[in-house]
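These are the residues of each chain, in order.
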Amino acid sequence: MPLLIYGARQVGKTHSLREFGQQYYKNVAYVNLETNQAAGSYFSENIEPERLIRFLETETGQPIVPGETLIVLDEVQTCERALTSLKYFHENMPEFHIACAGSLLGVAINRERFSFPVGNVDSITMFPLDFEEFLWALNETRLYEEIRQSFAKNRTLPPALHEKALELYRLYLIIGGMPRAVLTYAQSGSLLAVPDVQNKIVNDYIADMAKYASNTESVKIRAAYHSIPVQLAKENRKFQYKLAQRGGTSAIFGAAIDWLHFAGVVLKCTRTGQGLMPISVYSDLSSFKLYMGDVGLLTAKSGISQQTVLAAGKIPNTFLGALAENYVAQAFAAKRYGLYYWTNEGTAELDFVLQKEDDIIAVEVKAGTHTRSKSLNLFVEYYKPAYSIRISSNNFGFENNIKSVPLYAVFCI
């Protein structure tokens with residue numbers, strides 16, 4: 001079937017497809033449907049596959065041979081008929097290999113006139129680089145392997161490696177996982193240019209808000225998006241509409257928040273009132289937290305100084321806890337875990353509750369080494385999970401049925 005790669009802007013969809021095509025095919029027939037308006041208009045007419053193949057050969061200057069050529073349709077969300085054509089390629093000419101890259105935003109939301117080819121495409125969602133991939137990008141493969149082995153064998157990492165991994169984790173909080181930001185740092189070894197890259201990405205997101213939504217709706221979307229650092233700075237990080245706009249309500253901001261979620265720009269973590277399986281049926285859809293899709297963008301947008309993040313708590317700042325939570329949410333999302341948190345009628349709050357096969361796992365997140373937690377103890381007392389996970393700056397360990405996982409090892413969970 002044709003392949004459709006979803007993802008927020010700037011997560012590397014196009015680059016990955018072109019690299020894939022160059023490595024595994026004799027040639028690549030690449031068309032950007034956003035910048036090439038002639039190609040987009042051609043799809044608006046007859047989308048019979050044979051006709052489109054002839055056009056794409058002429059347009060790209062590439063012979064298109066079944067099994068030997070990868071056809072890449074980029075920015076497919078800008079052309080609804082191109083999406084619809086995938087159905088006919090699958091049904092009538094499946095011997096041709098087609099891959100499409102599209103913003104989640106346009107693919108999921110901007111469907112006005114034509115149907116989505118349900119059942120006729122395979123889809124993959126791409127995320128920013130997680131910390132594991134960040135280590136690869138910085139050529140820290142030996143450290144990555146040591147972290148993996150320590151997690152699997154539940155043994156402590158040597159102190160020097162533990163401190164090095166924590167330093168890289170703090171670096172990741174600043175840089176995040178957007179490929180351009182990571183590349184900028186990897187090439188220069190300096191953090192100075194990273195905020196410029198991140199601010200450009202944020203501005204591109206904001207431009208999309210105006211592009212894919214009405215003027216009235218885009219104002220609400222921007223207000224909700226800009227409020228996220230303020231929302232996460234609170235002790236209770238539940239999203240409050242009044243912080244986005246005075247007098248704000250779910251009726252006013254509901255669609256705007258859905259927009260941000262579907263676009264992949266934010267991650268939504270829903271409250272559950274029970275630590276029982278399946279988690280989803282006990283969720284309270286009216287109570288949720290919003291995290292940024294990339295922790296580096298949250299760091300840049302919040303304005304917290306790089307020195308504060310790198311100082312590892314030596315400069316007191318409560319927002320470091322919010323960064324750690326956002327980082328964990330991002331890692332879990334990339335692992336395809338549903339994002340849920342637990343509260344007990346407002347008296348206790350557990351950061352995350354995971355459903356892993358037949359187990360419910362309680363997860364507590366601490367930015368530093370102080371790990372006392374009344375909420376985790378209450379959850380364990382009520383629901384008796386198979387085991388619990390405490391994520392902190394401490395080394396690996398296992399005590400009282402609680403698995404201690406360092407912040408740099410969340411990708412192992």
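Residues numbered from 1 in each chain as written. Predicted model: local features only at pLDDT ≥ 70, side-chain atom pairs only at ≥ 80, totals over all residues. Heavy atoms only, no water.

### Some details on the environment of Gln240
- Examined against the element boundaries, Gln240 turns out to sit in the loop between helix 12 (228-233) and helix 13 (241-244).
- According to the relative accessible area criterion, Gln240 is partly exposed, its value standing at 23%.
- Between the alpha carbons of Gln240 and Val230 there is a distance of 9.8 Å; along the sequence they are 10 residues apart.
- Ignoring any residue separated from it by four or fewer positions in sequence, one finds Gln240 in contact with Gln231 and Lys234. (Helix = DSSP H or I, 4+ residues; strand = E, 2+ residues; numbered from the N terminus. Buried < 20%, exposed > 50% of the residue type's maximum accessible area, 1.4 Å probe, protein only. Contact = heavy atoms within 4.5 Å.)

### Describing the packing of helix 7 (residues 141-153) against helix 8 (residues 159-175)
- Axis separation between helix 7 and helix 8 bottoms out at 11 Å; the angle between their running directions is 110 degrees. Comparing their axes, helix 8 and helix 7 come out roughly perpendicular. The two elements helix 7 and helix 8 cross, and the hand of that crossing is left-handed. Between helix 7 and helix 8, the residues in contact are Leu143, Glu146 and Ile147 and Leu161, Lys164, Ala165 and Leu168, respectively.
- Partitioning the contact of helix 7 with helix 8 into residue classes produces 5 nonpolar, no polar and 2 charged. (Axes fitted to C-alpha atoms, helices over the stretch in contact; angles between N-to-C directions. Parallel < 35°, antiparallel > 145°, perpendicular 65-115°, else oblique. Left-handed = near helix turned anticlockwise from the far one by under 90°. Nonpolar A, V, L, I, M, F, W, Y, C, P; charged D, E, K, R; others polar.)

### Some details on helix 15 (residues 295-302)
- Here helix 15 has its buried residues at Val295, Gly296, Leu297, Leu298 and Thr299.
- On its buried face, helix 15 sits against helix 8, helix 10 (194-211), helix 12, strand 7 (283-292), helix 16 (306-310) and helix 17 (319-334).
- Looking at where helix 15 begins, the residue whose side-chain oxygen comes 3.1 Å from the main-chain nitrogen of Gly296 is Asp294. (Polar contact = N/O pair within 3.5 Å; in protein donor to acceptor, adjacent residues only side chain to side chain.)

### As for the packing of helix 10 against helix 11 (residues 215-226)
- Here helix 10 crosses helix 11 at 150 degrees, and the two axes come no closer than 8 Å. With respect to helix 11, the axis of helix 10 lies roughly antiparallel. Crossing handedness for the pair helix 10 and helix 11: right-handed. Counting all contacts with helix 10, which are made through Val202, Tyr205, Ile206, Met209 and Ala210, the residues of helix 11 involved are Ser218, Ile221, Arg222, Tyr225 and His226.
- Taken together, the residues of the contact of helix 10 with helix 11 break down into 7 nonpolar, 2 polar and 1 charged.

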